[in-house]
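Each chain, letter by letter, is given below.
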Amino acid sequence: WGGAVDNVGGDMLARITRTVVPYSNIASIGLAGGTDLHTTVMPFILRGVSLLGINSVETPRLLREAVWERLAGDLKPPHLDLIASRSIGFDELPGAFQDYLDGKVTGRTIVAIPAIA
């Protein structure tokens, strides 16, 4: 692949650095898989891979809203209905987690986030 958004970290992030194509960008946004990164500098200096740290906690609200609008507009993936086979409401998330942990969910799930007043 030509790039990745990694919200796992740890071993998954290390694997991504070894498997992306040359001159790829990897955005790291989470630590669910751990905070350690066991890799070498080779992907970065021999293949030009870039690791971009994303700190959304400090992002101002106006910028977040502009990004969300773009993601819902011109950056929205085409044929999303073919990529995501399931849609749930934000309030349904707690009841959905066990299916993920049990490996019962395949494909992608769209989570409908309520509008902020």
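Residues numbered from 1 in each chain as written. Predicted model: local features only at pLDDT ≥ 70, side-chain atom pairs only at ≥ 80, totals over all residues. Heavy atoms only, no water.

Visitor: So what exactly am I meant to see when it comes to the pattern of salt bridges here?
Guide: Once their charged atoms are close, side chains differing in charge can pair, the charge on each being opposite to the other. Considering all chains together, one arrives at 2 salt bridges under this definition. Between arginine 70 and aspartate 74 there is a salt bridge, and its shortest N-O distance comes to 2.8 Å. With a relative accessible area of 57%, aspartate 74 lands in the exposed category. (Salt bridge = Lys/Arg side-chain N within 4 Å of Asp/Glu carboxyl O. Buried < 20%, exposed > 50% of the residue type's maximum accessible area, 1.4 Å probe, protein only.)

Visitor: Honestly, the nonpolar core in this entry has me stumped. Any pointers?
Guide: Side chains of a nonpolar character, in soluble globular proteins, are inclined to be buried together. Ala4, Leu13, Ile16, Val20, Ile26 and Val49 form the largest nonpolar core, which has 6 residues in total. Apart from residues lying up to four places away in sequence, valine 49 is in contact with Thr17, Val20, Val21, Tyr23, Ser24, Ile26, Pro43 and Phe44. (Core = buried A, V, L, I, M, F, W, Y, C linked by side-chain atoms within 4.5 Å. Contact = heavy atoms within 4.5 Å.)

Visitor: In this structure, what is going on with helix H1 (residues 10–19)? I would like to understand it.
Guide: Residues separated by three or four positions in an α-helix point in the same direction, a consequence of the helix having 3.6 residues per turn. Regarding H1, the residues found buried are Gly10, Leu13, Ala14, Ile16 and Thr17. Taken down its axis, H1 places every buried residue within 160° of arc, on the same side. Contacts made by the buried residues of H1 are with strand S1 (3–6), strand S2 (25–28), helix H2 (42–46) and strand S3 (50–53). (Helix = DSSP H or I, 4+ residues; strand = E, 2+ residues; numbered from the N terminus. Arc of directions from axis to C-beta.)

Visitor: For this particular structure, what's the right way to read a nonpolar patch on the surface?
Guide: Together, Leu63, Val67, Trp68, Leu71, Leu75 and Ile116 make up an exposed nonpolar region whose accessible area comes to about 580 Å². As for its placement among the helices and strands, tryptophan 68 is situated in helix H3 (residues 61–72). (Patch = residues over 30% accessible without salt bridge, like charges linked within 9 Å, V, L, I, M, F, W, Y side chains within 5 Å. Areas by Shrake-Rupley, 256 points an atom, 1.4 Å probe, with all protein chains shown as cover.)

Visitor: Help me out: how do you make sense of the pairing of strand S5 (residues 108–112) in this one?
Guide: Note on strand geometry: in a regular strand, side chains alternate between the two faces of the sheet. In terms of strand pairing, strand S4 (residues 84–89) meets S5 through 5 bridges, oriented parallel. Bridge pairing links serine 87 to isoleucine 110 in S5. Handedness of the S4-helix H5 (residues 93–101)-S5 crossover: right-handed. (Pairing = 2+ DSSP bridges. Right-handed = clockwise from strand over helix to strand, strands pointing away.)

Visitor: What should I look at first to understand the side chain of aspartate 6 in this one?
Guide: Inspection of the secondary structure assignment puts aspartate 6 in strand S1. Buried and unpaired, aspartate 6 has no salt bridge, with arginine 15 as the nearest side chain of opposite charge at 10 Å. From its side chain, aspartate 6 meets the backbone nitrogen of valine 8 in a polar contact 3.2 Å long. Contact partners of aspartate 6, with chain neighbours within four places excluded, come to Met12, Leu13, Ile16, Ala27, Ser28, Ile29 and Gly30. (Lys, Arg positive; Asp, Glu negative; His and termini not counted. Polar contact = N/O pair within 3.5 Å; in protein donor to acceptor, adjacent residues only side chain to side chain.)

Visitor: Please clarify how the environment of isoleucine 54 should be interpreted in this entry.
Guide: Mapped onto the fold, isoleucine 54 is located in the loop between S3 and H3. On the basis of relative accessibility, which here comes to 44%, the residue isoleucine 54 falls in the partly exposed class. As for isoleucine 54 and valine 21, which are separated by 33 residues in sequence, their C-alpha atoms are 21 Å apart.

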